[in-house]
There are 2 protein chains.
Amino acid sequence: MTTATRSEFDQGIALSPAGPGRYAGELGEGWQIGGGVNGGLLLAVAGHALSLEHPEHPDPVSISGYYLSASVPGPVEVRTETVRRGRSLSTGTASLHQDGEERLRVLATYGDLDAQAGEVRTSAVPFEMPPPEECIGVEHAPKQLIEQAALLERFDLRLDPATVGWAVGAPSGNGCIQGWFRLADGREPDPLQLLLVADALPPVTFDLGLPGWAPTIELTVHLRARPAAGWLRVRHATRNLAGGYFEEDAEVWDSTGRLVAQSRQLARAPRG
Amino acid sequence: MTTATRSEFDQGIALSPAGPGRYAGELGEGWQIGGGVNGGLLLAVAGHALSLEHPEHPDPVSISGYYLSASVPGPVEVRTETVRRGRSLSTGTASLHQDGEERLRVLATYGDLDAQAGEVRTSAVPFEMPPPEECIGVEHAPKQLIEQAALLERFDLRLDPATVGWAVGAPSGNGCIQGWFRLADGREPDPLQLLLVADALPPVTFDLGLPGWAPTIELTVHLRARPAAGWLRVRHATRNLAGGYFEEDAEVWDSTGRLVAQSRQLARAPRG
């Protein structure tokens, strides 16, 4: 694959070997949001390194990222450590460094999602929303949001009109934002992309009437199936904003109606 | 405090310094379940070590445990590493070893829950259930459950009659178990105890008609407030049993009606 044909996402998470358990990458300007680099993209970069470490277990099954300091565009080094290599699962850590400072520490268990093609007895059902062509594209987002969020140009994100009142000064107060997601350049979803998607929507605090960015403390994603090609539907919700923190639960469904990822993060509430 | 007056839980998580970043403990026979040591107790042991490492940040705010191999009663060593020491939060790792084998790797961010006494705008409401005296005590649990779960004797656990049909061969199929929790010896709740509580109820898969133990792959707990004295109410639920895994979300409310902990785990579904 040449760089010219690589998708923006594959360029964004590209890594070169730089010694045992070391990988060199470059955080692109195009993945910025609110002055830092999007936390989902960072998790996908670290997750990519761990995927290269265990080729027999290429897919994150559960991955937890603890965010330490704000990442900036530019070179990045990922250092990995294998904790345990098992028959069906392997566990490892990854740390992301810039200019001698650690940005993100990751702990994760990997496997092969194709080996998880077992019985499905889920009681969860995909949430309802209007089709993508009746949802609100990013081109309608407030200008100050777009200016602070270069990464929105990488996305074809269509938000459910029922959950975008905050964009016109009328947040619902429910603490829920949902929409359709795909990458703008048509790159189809895969497990690493789901790490990005888990942190791709605007913070649910927008819908509580709290503008401003919400730094992630911790984000854990469970990958529950390999996603099919096509649109993903994503819902973010919170139930407990308290003491300066809130949780944000995300669920990601693929085009076949399969629940492919579940995530939860703890974030600092905007001071706004 | 002398050992004689120590609670069972404080004895269970007791640690002695064993060099820089090293602590020695003992996993008691009384915390066993299904042949291993309860995963919540293990998380509390590792969490205790990290609490000792950062006295200015004594409370877990977010803690993620990745379970590597089954723990057994006997000596245990906890090794800690400080990842970042910040003004309001510190991040560290802990690993739990027995006989040269790693049992559990933990990544966590600590702070001071008393400093989090800010605004509460939660939309979550405590779930309803009958009072403890109308709920089902462990003394009514099936004998084979008690025999495999010595730790149940440490608990005063009263399950909501609406969610214990599985104990008499009539699981509801909803994937939900809830009840009142306190320690049998009256030791009042604190943040470390909430790590135990997050994994204290029978697996929700019992309520799906799947008996058998469900090994935890990963468990993350968010501590949202310091719990008040008295009964805790705990609910475990799952929505997505698929491909041999399921998630188990827990919420823990204190006696003042505050949501004090939220957790999610990924576990292997029982083969049953």
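Residues numbered from 1 in each chain as written. Chains lettered and ligands numbered in written order. Predicted model: local features only at pLDDT ≥ 70, side-chain atom pairs only at ≥ 80, totals over all residues. Heavy atoms only, no water.

As annotated in an unreviewed UniProt entry, chain A is Acyl-CoA thioesterase from Kitasatospora gansuensis.

## Considerations on the interface of chain B and chain A
You'll often see interface size given as the accessible area lost when the parts meet. Counting residues at the interface gives 54 residues for chain B, matched by 55 residues for chain A. Between chain B and chain A, roughly 4,700 Å² of surface is buried when both sides are summed, and carbon and sulfur atoms account for 48% of that area. Where chain B meets chain A, there are 8 salt bridges. With its nearest N and O atoms 3.3 Å apart, the salt bridge here joins Arg-105 of chain B to Glu-81 of chain A. Here chain B and chain A share 41 residue pairs in polar contact (both at pLDDT 80 or more) between them. (Contact = heavy atoms within 4.5 Å. Buried area = accessible area lost by both parts, 1.4 Å probe. Salt bridge = Lys/Arg side-chain N within 4 Å of Asp/Glu carboxyl O. Polar contact = N/O pair within 3.5 Å; in protein donor to acceptor, adjacent residues only side chain to side chain.)

## Looking at the relation of the copies chain B and chain A
Both copies of the chain are related by a screw-like operation: a rotation about an axis and a shift along it. At an RMSD of 0.0 Å, chain B and chain A line up after a rotation of 180° and a shift of 0.0 Å along the axis. A rotation of that kind, with that shift, is consistent with a two-fold axis. The overlap is high: 100% of the interface residues of chain B also sit at the interface in chain A, so the same surface is used on both sides. (Least-squares fit on C-alpha atoms with pLDDT ≥ 70 in both.)

## A few points about the nonpolar core
Counting residues in hydrophobic clusters, the biggest one holds 58 residues, and the most contacted among them are Phe-9, Leu-41, Val-106, Phe-155, Phe-181 and Val-221 of chain B. For this core, the leading source of residues is helix α2 (residues 39-53) of chain B, giving 8 residues. With residues near it in sequence (within four places) discarded, Val-221 of chain B still touches Leu-43, Val-61, Ser-62, Ile-63, Leu-195, Ala-198, Ala-261, Gln-262 and Ser-263 of chain B. Formed by 57 residues, the second largest nonpolar core is a distinct cluster that contains Ile-63, Phe-155, Ala-225 and Val-234 of chain A. (Core = buried A, V, L, I, M, F, W, Y, C linked by side-chain atoms within 4.5 Å. Buried < 20%, exposed > 50% of the residue type's maximum accessible area, 1.4 Å probe, protein only. Helix = DSSP H or I, 4+ residues; strand = E, 2+ residues; numbered from the N terminus.)

## Here's the deal with the state of the cysteines
Residues and elements named next belong to chain A. This model, assessed by the stated rule, comprises 0 disulfides over all chains. Free cysteine: Cys-176, not disulfide-bonded; nearest cysteine sulfur from Cys-135 at 12 Å. According to the relative accessible area criterion, Cys-176 is buried, its value standing at 13%. (Disulfide = S-S within 2.5 Å.)

## Structural notes on the UniProt feature "domain: Acyl-CoA thioesterase-like N-terminal HotDog" (unreviewed entry) in chain A
UniProt records the feature "domain: Acyl-CoA thioesterase-like N-terminal HotDog" (unreviewed entry) for residues 29-111 of chain A in the present numbering. Secondary structure across residues 29-111 of chain A comprises 18% helix and 54% strand; the distance between its end C-alpha atoms is 31 Å. (UniProt positions renumbered as here; feature names shortened; annotations may be inferred.)

## Comments concerning the side chain of Thr-205 of chain B
For Thr-205 of chain B, the location among the structural elements is in the loop between α4 (191-197) and β12 (216-223). Sequence-distant contacts of Thr-205 of chain B, defined by excluding residues within four places in its chain, comprise Leu-210, Ala-214, Leu-241, Phe-246 and Pro-270 of chain B.

## Brief notes about unusual backbone geometry
All names here are of chain A. For Asp-99, which is not a glycine, the phi torsion comes out positive at approximately 50°. Among the structural elements, Asp-99 can be located in the loop between β7 (90-98) and β8 (101-111). For Asp-99, a relative accessible area of 76% translates into the label exposed.

## Things to note about the packing of aromatic side chains
One pass over the full model with this rule turns up 10 aromatic pairs over all chains. Their ring planes at 50° and their centres at 5.8 Å tell us that Phe-206 of chain A and Trp-213 of chain A sit as a pair that is tilted. With a centroid separation of 6.4 Å and 70° between ring planes, the pair formed by Trp-180 of chain B and Trp-231 of chain B is classed as edge-to-face. Here the residue Trp-180 of chain B occupies a position in strand β11 (residues 176-183), and Trp-231 of chain B occupies one in the loop between β12 and β13 (232-237), the gap between them amounting to 51 residues. When its relative accessible area of 10% is taken as the criterion, Trp-180 of chain B is described as buried. Three or more aromatic residues link up through ring pairs in this structure, and these residues are Trp-166, Phe-206 and Trp-213 of chain A. (Phe/Tyr/Trp six-rings, centres within 6.5 Å; stacked < 30°, edge-to-face > 60°.)

## Regarding the pattern of salt bridges
With the rule as written, the count across this model stands at 37 salt bridges over all chains. Linking Arg-264 of chain B and Asp-249 of chain B is a salt bridge whose minimum nitrogen-to-oxygen distance equals 2.7 Å. Here Arg-264 of chain B, found in strand β16 (residues 259-268), pairs with Asp-249 of chain B, found in strand β15 (residues 245-253); they are 15 residues apart in sequence, far enough to count as distant. Counted as one network, the salt bridges with shared partners bring together Asp-59, Asp-112, Asp-114 and Arg-226 of chain A.

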